[in-house]
Structures are given as C-alpha cells and as structure tokens.
Amino acid sequence: MKILLTGSGGFIGGHVAAALRGAGHEVVPASRSTGFDFRLFQKVDYWLPHLRDVDAVVNCVGIIAERGTQTFDALHYRAPVALFYACLKSCVRRVIQISALGADPRAATPFLASKGKADEVLRHLPLDWFILRPSLVVGPGGRSAAFFRRLAKLPVIPLVGGGVQHIRPVHVDDLAAAVCQCLHALPAQRTIDVVGSEVMSVRDRLQALRLASGRSPARIVSIPYPLAMAMGHLVKRVVPLCHPDNLRMLRMGSTADAGAFAELIGRLPRELS
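## Some details on the overall build of the chain
Here is step 1 of the chain: Scanning the chain for helices and strands turns up ten helices and twelve strands.
Here is step 2 of the chain: In terms of its C-alpha atoms, the chain occupies a principal-axis envelope of roughly 55 × 40 × 30 Å.
Here is step 3 of the chain: Across the 273 residues in the chain, those meeting the buried criterion constitute 50%.
Here is step 4 of the chain: Here the chain has roughly 12900 Å² of accessible surface; of this, 55% comes from carbon and sulfur atoms.

Quick look at the structure:
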C-alpha cells in the first residue's frame, strides 16, 4: 500500500515509518523535514495534491507543548480535520489517527481536548477509520523515556504527589505494530486504547530503572501539587514535560484495559522489563 504518514519525523512517526516499510509498504513522509508546514495545511485543498494514488493515511502529528504558532488547535485539530475531509474528497477510505489516552473534547487540558475534538470529527465521517489512543509511549528516542532515565539517576528523586500516580506505558514498537494491523483489520471504525501489559506507579517505574542500571533504590521526596504547579509555570518553557497541563494529566494517571489492543496485535503487549 502507498501510505501518507504525517509526523514522520517525530518519535512515534519514525518508528511507524520503519514498521510500515518493514511490512513492504511505500511510505510518503510528511513532516517539517520534508517540507510540510502543518500550520498552513488547515484547508482541504492544501492536502488534495498529496493524496493522489494514496491508499491510506496515518496521522502521527503531535506536540506536548505549544510554541509560537505551533498550537494544539492548529496541529491537533484544524490540520488533521482538513486532512480527514480531504481523504473523504479523494476517496482515501482508510485513516489511522494517533490520539492519546484520555482525549476528549471536554478534557481539562488543551492537549487532550484538541486531540479529542479531532477524534470526534473523524468518528462522524464515512471512512474506515481507527483511532489509537496510547498511554505513555516509551522506546529508543522517546523524550519521556529519556526524562525518566535522567530522573532515575538522581540519588534523591522529587516526585509530584510522591509518584503514586498509576501509568501503563506502552512500547513504541507495539504501537507501530498496531498501526500496521489497522491497515487491513476489520471491522473498522474503532477506537482502541493502546497500553502496555503492566500497571505501575511512577515511583515504581523509576525505582525499576535504577535497579536495571545496577543502582540501589533512591529516596523519594514528595512535592505537593500546588508547589509543583507553581514550579511548572516557572520552567515550562525550558522543560515542557513539567508544564502545568502535563502535571494535571500526570495527576489523572494513564491506564486502561489492554484487551482490545492485545486482540488487534494478536498478542499481549511487551513487558517493559
């Protein structure tokens, strides 16, 4: 199949591109490095020339923090929605949207709300769509995984609320495998939560990383949420992962049932260990 892959230059998009090519598909990469400016691709007609002879579209565009004109509304909502309608106009029926666990138009954070708004539009279009909603995605090249590794090296680890929040991280290769399956899976028009096989707390994840590197368990210092939010406002431009909105999402946790995801890829998700 010939597949237009948006966000191909990112962490998830790069791994998805490798998996698609490994499965014998032709990938048309669409990212800033290949000349695409998604701030401009907010009209249906802009997408149409790029959909000629394309069999399927995979949208991996995503940002964790806004910067300048790179806003959640532009990149997570307006550009993808224009792309979805362009697919409808070009008769490209198979569309795979990489969303996020907890995405909802009424979500409390702009990241999840913008993803949820685009998902909602796609759900009402007569296309063979899949919406994949991953939890924390980890793997080689991932910013969150690198941040966790750096944090795990500290002898004393400061964690918001003591790090008791539950997460269910998924390996990026499992997410890429799900995308490959969605190209031909039936029935279509499904929303699938993409999570790993293990539920763990943030503090347990960090202690496991320490043990894996031969270190003894670290002392955990609990940072109260109000203090963490105040600190987040100060460092959000330097450390986007500490943005107050991301701290709000952390407080909610990130878990879901893995049954539908395991059924899609034909096996249990890999264990992080």
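Additional details are given in the paragraphs that follow.
## A look at the packing of helix α5 (residues 143-152) against helix α7 (residues 202-212)
Here is step 1 of the chain: For the pair α5 and α7, interaxial distance at closest approach is 9 Å and the crossing angle is 70 degrees. Considered as vectors, α5 and α7 are oriented roughly perpendicular to each other. Of α7, the residues touching α5 (which contributes Phe148, Arg149, Leu151 and Ala152) are Val202, Arg205, Leu206, Leu209 and Arg210.
Here is step 2 of the chain: A per-class count over the contact of α5 with α7 returns six nonpolar, no polar and three charged.

## A short note on unusual backbone geometry
Here is step 1 of the chain: The linkage connecting Leu186 with the following residue, Pro187, adopts the cis geometry, with an omega of -5 degrees.
Here is step 2 of the chain: Topologically, Pro187 is positioned in the loop between α6 (172-182) and β10 (190-194).
Here is step 3 of the chain: Non-glycine residue Asp53 carries a positive phi angle of around 65 degrees.
Here is step 4 of the chain: The residue Asp53 is located in the loop between α2 (44-47) and β3 (56-59) in this model.
Here is step 5 of the chain: We classify Asp53 as exposed; its relative accessible area is 64%.
Here is step 6 of the chain: One non-glycine residue with positive phi stands out, namely Cys91, at about 65 degrees.
Here is step 7 of the chain: Position of Cys91 among the secondary structure elements: in the loop between α3 (72-90) and β4 (94-98).

## Considering the environment of Ser8
Here is step 1 of the chain: Tracing the backbone shows Ser8 in the loop between β1 (2-6) and α1 (11-22).
Here is step 2 of the chain: Along the sequence, Ser8 and Val137 sit 129 residues apart, while their C-alpha atoms lie 16 Å from each other.
Here is step 3 of the chain: Excluding anything up to four places from it in sequence, Ser8 contacts Gly13, Gly14, Pro29, Ala30 and Ser31.
Here is step 4 of the chain: In terms of polar contacts, Ser8 uses its side chain to reach the backbone amide nitrogen of Ala30, at 3.3 Å.

## Digging into the layout of surface pockets
Here is step 1 of the chain: By volume, the second largest pocket amounts to about 370 Å³.
Here is step 2 of the chain: Taken together, 19 residues form the lining of the second largest pocket, with Val138, Arg205, Leu209, Leu272 and Ser273 sitting closest to its centre.
Here is step 3 of the chain: By residue number, the principal contributor to the lining of the second largest pocket is α7, which donates five residues.
Here is step 4 of the chain: Class assignment for the residues of the lining of the second largest pocket results in nine nonpolar, four polar and six charged.

## Description of the side chain of Gln165
Here is step 1 of the chain: Along the chain, Gln165 turns up in the loop between β7 (156-160) and β8 (166-167).
Here is step 2 of the chain: In this structure Gln165 comes out as buried when scored by relative accessible area, which is 5%.
Here is step 3 of the chain: Beyond its immediate stretch of four places on either side in the chain, Gln165 contacts Val160, Met200, Ser201, Val202, Tyr225, Leu250 and Arg251.

## A closer look at the sheet that holds β4
Here is step 1 of the chain: Strand order in the open sheet made by the six strands is β2-β1-β3-β4-β5-β10, with parallel pairing throughout. Each of the sheet's edge strands pairs with one partner strand only, and the pair in question is β2 (26-30) and β10. On average, each strand axis in the sheet is tilted by 15 degrees relative to the strand beside it, whichever way the strands run.
Here is step 2 of the chain: With four bridges connecting them, β3 and β4 associate as parallel partners. Pairing of Ala56 across the sheet is with Arg94, part of β4.

## Things to note about the pairing of β2
Here is step 1 of the chain: Both β1 and β2 contribute to a ladder of five bridges, which runs parallel. Counterpart to Lys2 in the pairing with β2 is Glu26.

Procedures and definitions
Residues numbered from 1 in each chain as written. Predicted model: local features only at pLDDT ≥ 70, side-chain atom pairs only at ≥ 80, totals over all residues. Heavy atoms only, no water. Helix = DSSP H or I, 4+ residues; strand = E, 2+ residues; numbered from the N terminus. Buried < 20%, exposed > 50% of the residue type's maximum accessible area, 1.4 Å probe, protein only. Areas by Shrake-Rupley, 256 points an atom, 1.4 Å probe, with all protein chains shown as cover. Axes fitted to C-alpha atoms, helices over the stretch in contact; angles between N-to-C directions. Parallel < 35°, antiparallel > 145°, perpendicular 65-115°, else oblique. Contact = heavy atoms within 4.5 Å. Nonpolar A, V, L, I, M, F, W, Y, C, P; charged D, E, K, R; others polar. Polar contact = N/O pair within 3.5 Å; in protein donor to acceptor, adjacent residues only side chain to side chain. 1 Å grid on protein atoms, 1.4 Å probe; cavity = no way out; pocket = protein on both sides within 12 Å on 5 of 7 lines; lining within 4 Å. Points joined across faces, edges and corners; volume = space filled by probe spheres on them. Pairing = 2+ DSSP bridges.

Bear in mind that shape data such as this cannot, by itself, settle questions of function.
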